[in-house]
Amino acid sequence: MSGLAKFSQSRLGAYSLVAALFLFVSGLALFLYGTRVETRRFRLEKLKVRAGRLLAANGRKPRTLKILHISDLHLQENDHKKVEFIRAITDDDYDMVVLTGDIFQFSKSFDFGPFLLARQPRLGAYAVFGNHDYYDYSLVNKTIGRVFRGMRQPDVRKDVSPHRRALEAGGFTVLVNECHVLPEENIFIAGLDYPGIKDSDLENLMKQSAGAEQLKLALFHLPWRLERLAEAGFDVVFGGHTHGGQIRLPGFGALITDSELHRSEASGLLSRGQTHFHISRGLGADPRSNLRLFCPPAATVIELTY
Ligand SMILES: [Fe+2]
């Protein structure tokens, strides 16, 4: 080998080493930022929604409700900062608070239940459960289970009575394929259980709703068969589960939604027919995969005019 060839080869080796080092340091920096910084950058976002069906049908003056939507708390016993944030934002004059599942990651976090709300909203606080409330996932479920669907879900579905007690102690009404009617306000609220309500149960639930002038709201955890909920006549449905994709690439968006939703619908306001769906990015994630990039945790205040 000539001297020139040897020189070129050693230069190429040095460049490769520098490139590998750069990639490693960048990857490590992104990982540390994604796990230690962005997961703690809790935001309160604001959104206006108009319930078109009711605004078109009703001759009366439009009304506005101020609703706080929180989701996917994944509370652990050391989540004091997250609970402080929730208490700070709930110290406001909301008409309603809705919580759409994946609330308690571990039983030790039940103690937070009675203290989640700093103030009781005028028309109540409502909650549904998510998959992390019902299942303790193993690493096998979370990794190999992503490829082999049969290994995705643990065999044991947990009793969520302690979850319910912890939330009720904090002023939440928990809805498990149940509804709550506010007759004076003419509002119907349905809580659809994870993984999704059966057609016959949905039909029975809707029999408890009143006429076309009633505001019909629903809560679910996993976005599933949105068209069916639009056909059922809901005006606004609140959901979570997707975490907004958790990792969003600039110019590309979410990589996955872990649901039937397309990547472009990983979070935010969606619609099917005359029904609006608000899919929350949530405030947490499973601690083993709690990495967020360009997708900070969020709660949302929705000003709903109907
Ligand atoms: Fe979640």
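Keep in mind the model is a prediction, meaning the values are calculated, not measured.

## Quick notes on the overall build of the protein chain
Secondary structure summary: the protein chain contains eight helices and 14 strands in total. If you line up the protein chain on its principal axes, its C-alpha atoms span 90 × 40 × 40 Å. Looking at the protein chain residue by residue over its 306 residues, the buried ones come to 37%. Of the contacts made within the protein chain by residues no fewer than 6 positions apart, 74% connect residues no fewer than 24 positions apart.

## Focus: the sheet that holds strand β1 (residues 43-50)
Read from one edge of the open sheet, six strands run β1-β14-β2-β3-β4-β5, paired in mixed fashion. The sheet is open, and its two edges are formed by β1 and β5 (172-174), each paired on a single side. The mean angle between the axes of side-by-side strands here comes to 25°, regardless of whether they run parallel or antiparallel. Bridging between strand β2 (residues 64-70) and strand β3 (residues 96-100) involves four bridges; their strand directions are parallel. Bridge pairing in β3 links Ile-67 to Met-96. Its contacts with the sheet place helix α3 (residues 80-90) against β1, β2, β3 and β14 (298-305), and it is angled at close to 175° to β2.

## Notes on the sheet that holds strand β6 (residues 178-182)
In a beta sheet, neighbouring strands pair by backbone hydrogen bonds and run either parallel or antiparallel. One open sheet holds the six strands; their spatial order is β6-β7-β8-β9-β13-β12, and the pairing between them is mixed. Taken across any chain shown, the strands that pair with only one partner, and hence form the sheet edges, are β6 and β12 (268-272). Averaged over all adjacent pairs, the angle separating strand axes in this sheet is 20°, with direction ignored. Relative to strand β7 (residues 187-191), β6 is paired through five bridges, and the arrangement is antiparallel. Within the sheet, the bridge partner assigned to His-180 lies in β7 and is Ile-189.

## Some remarks on unusual backbone geometry
A negative phi holds for most residues other than glycine; trans holds for most peptide bonds. In this chain, Tyr-194 is followed by Pro-195 through a cis amide linkage whose omega measures 5°. Tracing the chain through its elements places Pro-195 in the loop between β7 and α7 (199-206). In this structure, Asp-102 is a non-glycine residue whose phi angle is positive, near 55°. By secondary structure assignment, the location of Asp-102 is in the loop between β3 and β4 (125-128).

## Some remarks on the domain arrangement of the protein chain
Per the domain assignment, the segments of the protein chain are domain 1 (1-40) and domain 2 (43-305). The gap between the C-alpha centroids of domain 1 and domain 2 is 42 Å. The partner domain 2 presents seven residues to the seven residues of domain 1 that form the contact.

## Describing helix α1 (residues 3-37)
Between its terminal C-alpha atoms α1 stretches 49 Å, which fits the 51 Å expected from 35 residues at 1.5 Å a residue. Across the 35 residues that make up α1, only a small minority, zero, are buried.

## Quick look at the nonpolar core
If you look at the biggest cluster of nonpolar residues, it comprises 62 residues, and the most contacted ones within it are Val-97, Ala-218 and Leu-219. Among all residues touching Leu-219, those that are not within four sequence positions of it are Val-98, Thr-100, Tyr-126, Val-128, Leu-175, Gly-191, Leu-192 and Phe-238.

## Topic: the pairing of β2
For β2, the buried fraction is high: five of the seven residues fall into the buried class. Pairing analysis gives six bridges linking β2 to β14, with the strands arranged antiparallel. Counterpart to His-69 in the pairing with β14 is Thr-300. Once the chain exits β2 it traverses α3 before rejoining the sheet at β3, and the crossover so formed is right-handed.

## Concerning the environment of Ser-259
Relative to the helices and strands, Ser-259 resides in the loop between β11 (253-254) and β12. Taking the number of C-beta atoms within 10 Å as the measure of exposure, Ser-259 has 17 and is therefore partly exposed. Along the sequence, Ser-259 and Pro-223 sit 36 residues apart, while their C-alpha atoms lie 6.6 Å from each other. Apart from the residues lying within four places of it in its own chain, the contact partners of Ser-259 are Leu-222, Pro-223, His-241 and Thr-242.

## Section: the pairing of β4
Judged by which residues are buried, β4 turns out to be covered on both faces: Ala-125 and Ala-127 on one side and Tyr-126 and Val-128 on the other are all buried. Pairing analysis gives four bridges linking β3 to β4, with the strands arranged parallel. Bridge pairing in β4 links Leu-99 to Ala-127. The sheet contact formed by β4 and β5 spans three bridges and is parallel. Each bridged residue has a counterpart across the sheet, and for Ala-127 the counterpart in β5 is Val-174.

Reading the values: rules and limits
- Residues numbered from 1 in each chain as written.
- Predicted model: local features only at pLDDT ≥ 70, side-chain atom pairs only at ≥ 80, totals over all residues.
- Helix = DSSP H or I, 4+ residues; strand = E, 2+ residues; numbered from the N terminus.
- Buried ≥ 20, exposed ≤ 12 C-beta atoms within 10 Å, placed from the backbone.
- Contact = placed C-beta atoms within 7 Å.
- Pairing = 2+ DSSP bridges.
- Axes fitted to C-alpha atoms, helices over the stretch in contact; angles between N-to-C directions.
- Domains from an automatic or database assignment.
- Expected span 1.5 Å × (residues − 1).
- Core = buried A, V, L, I, M, F, W, Y, C linked by C-beta atoms within 7 Å.
- Right-handed = clockwise from strand over helix to strand, strands pointing away.

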